[in-house]
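In case you want the letters, here they are:
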Amino acid sequence: MNIKTKIEECVEVTKGQYFSVLTGVRAIAAFMVFLSHDNPFKSASSQNVFQNGMFHLFGGLSIGVSIFFVLSGFLITNRYERNIELSWQWARRYLRNRVARIYPMYFLVTIATLIGTTINAEYDPSRLWKFYNLKDKILVVFLNLTFLRGFFDRYRFTMAGQGWSLTVEECFYLSAPFLLLGLRREWRRLLFYPVLLLIIGLILASIGAQFHDQLFGFFGSIKFMLDWTFFGRSLEFFAGMGMALYLRKYPAKERQGFLLTSLGIIWMIMCIGAVAYFERNTPVAEAVFNMANYSSFVVRNAILPGGIVLFFWGLLYEKTWLKRLLETPMFDLLGKSSYCFYLIHVGLLDFLLDDFVTTNILGKFIIINIVAIMLYKFVEHPLHLFLTKKKQLA
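What counts, and at which threshold
- Residues numbered from 1 in each chain as written.
- Predicted model: local features only at pLDDT ≥ 70, side-chain atom pairs only at ≥ 80, totals over all residues.
- Heavy atoms only, no water.
- Helix = DSSP H or I, 4+ residues; strand = E, 2+ residues; numbered from the N terminus.
- Expected span 1.5 Å × (residues − 1).
- Bend = angle between axes of the 7 residues up to and from the residue.
- Buried < 20%, exposed > 50% of the residue type's maximum accessible area, 1.4 Å probe, protein only.
- Salt bridge = Lys/Arg side-chain N within 4 Å of Asp/Glu carboxyl O.
- Axes fitted to C-alpha atoms, helices over the stretch in contact; angles between N-to-C directions.
- Left-handed = near helix turned anticlockwise from the far one by under 90°.
- Contact = heavy atoms within 4.5 Å.
- Nonpolar A, V, L, I, M, F, W, Y, C, P; charged D, E, K, R; others polar.
- Parallel < 35°, antiparallel > 145°, perpendicular 65-115°, else oblique.

> Break down the environment of Ile200 for me, with residues and values.
Inspection of the secondary structure assignment puts Ile200 in helix H7 (residues 189–210). Between the C-alpha atoms of Ile200 and Lys42, which are 158 residues apart in sequence, the distance is 35 Å.

> Give me helix H6 (residues 164–185): which residues, what numbers.
With 22 residues, H6 should cover 32 Å at 1.5 Å per step; its first-to-last C-alpha distance of 33 Å lies within 8% of that length. For H6, the principal kink sits at Ser175 and spans about 45°; a proline, Pro177, occurs within the next four residues. With 18 of 22 residues buried, H6 is to be regarded as a mostly interior element.

> Give a detailed account of the pattern of salt bridges, specifying residues and quantitative values.
Throughout the structure, instances matching the rule amount to 13 salt bridges. The shortest N-O distance in the salt bridge between Glu81 and Arg248 comes to 3.5 Å. Of the two residues, Glu81 is situated in the loop between helix H3 (63–80) and helix H4 (88–119) and Arg248 in helix H9 (residues 230–249); the sequence distance between them amounts to 167 residues. Among the residues examined, Arg248 registers a relative accessible area of 17% and is labelled buried.

> An account of the packing of H3 against H4 is needed here, citing residue identities and associated values.
To describe two helices that pack against each other, one gives the angle between their axes and the distance between the axes. Across the interface, H3 lies against H4 with an axial gap of 14 Å and an inter-helix angle of 145°. Considering how the two elements wind past one another, H3 and H4 form a crossing that is right-handed. For the pair H3 and H4, the contacting residues are Ile76, Arg79 and Tyr80 in the first and Trp90, Tyr94, Asn97 and Arg98 in the second. Here the residues of the contact of H3 with H4 are counted per class, giving 4 nonpolar, 1 polar and 2 charged.

> I'd like a rundown of the packing of H6 against H7, residues and numbers included.
Running from amino to carboxyl end, H6 crosses H7 at an angle of 140°, the nearest separation of the two axes being 9 Å. Relative to H7, the element H6 lies oblique. Facing H6, whose interface residues are Phe178, Leu179, Gly182, Leu183 and Arg185, H7 presents Arg189, Leu190 and Tyr193. Of the residues that constitute the contact of H6 with H7, the class distribution is 5 nonpolar, 1 polar and 2 charged.

Next up, the structure:
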């Protein structure tokens, strides 16, 4: 999600006002990712054209992660673009705020997954824990607790597998102040930065592919870089940054209509359909974890962000029933708990539900939401308040 950046600070836009519609979007994005993982056509045979097509369409709902990335770029830019300072005091405050938002809940979920995996190896999402020696286990735990596992093809799905996206998020958080300072001097750098990052990613992927085993899959291939790293997916963040900077300079006014919102939705649906078409011949077992065609990367990484920006723009400035729905207290709460939902929707809880409660997707969706709301209210939010209060008193 931001994962991102959480909720209260995350919905400031150009006027510094809280927009609960963006919180609601977080819930929708998390639910899309849930459906891509708990794909109702997961067991489909690649020989069945209809089921195979539906499997890839539902798999395309993983663009919920792209929505998180664009949203992160948009919100971080709005929050920090005007108040960046070249001082250690500002840097420490910025980094501690990012860590306070992201790390505590991630740490708890990772430790819970480690305990569950130690008790029963079948609860290991990667199914590899039982084959590791002690040195490997220590390395896996270290890479997970430091967010470094997202750089390694071999370890990206270990422990709380969905946490790979937090490595991408943290890369953005670390680079965002420098990127924003550069954009202050020259906005056209917004077009140059993604190219530069892609070139760096290609260099790292070339080295990683050459020494794949020696480096434990570090930037193991070009496709890995495009699929799982900030260097391959930076355009999603820059799309959000560009929208924020544009609206900062040219503020928009709220109006009647559904044009931009609907265009954004249609754009996103078309991108899902395009990726499903390009991946139609990818075996189901492989497609669960990876995209196989470079055309798919072009659509998701470069074309899709434009539709997400239109969607956000419409939600922010068009008076629609969808905006009213996403601004309701129910979606506000679901959005605030979406980070917890994202962290627990696959892995240990999912295994326990399958074994002892239900395998029904709707049933699991309801239960995971209830657990996520409880975790937000009684764990995540209190921990964040404690850490930020402690930070202010320090």
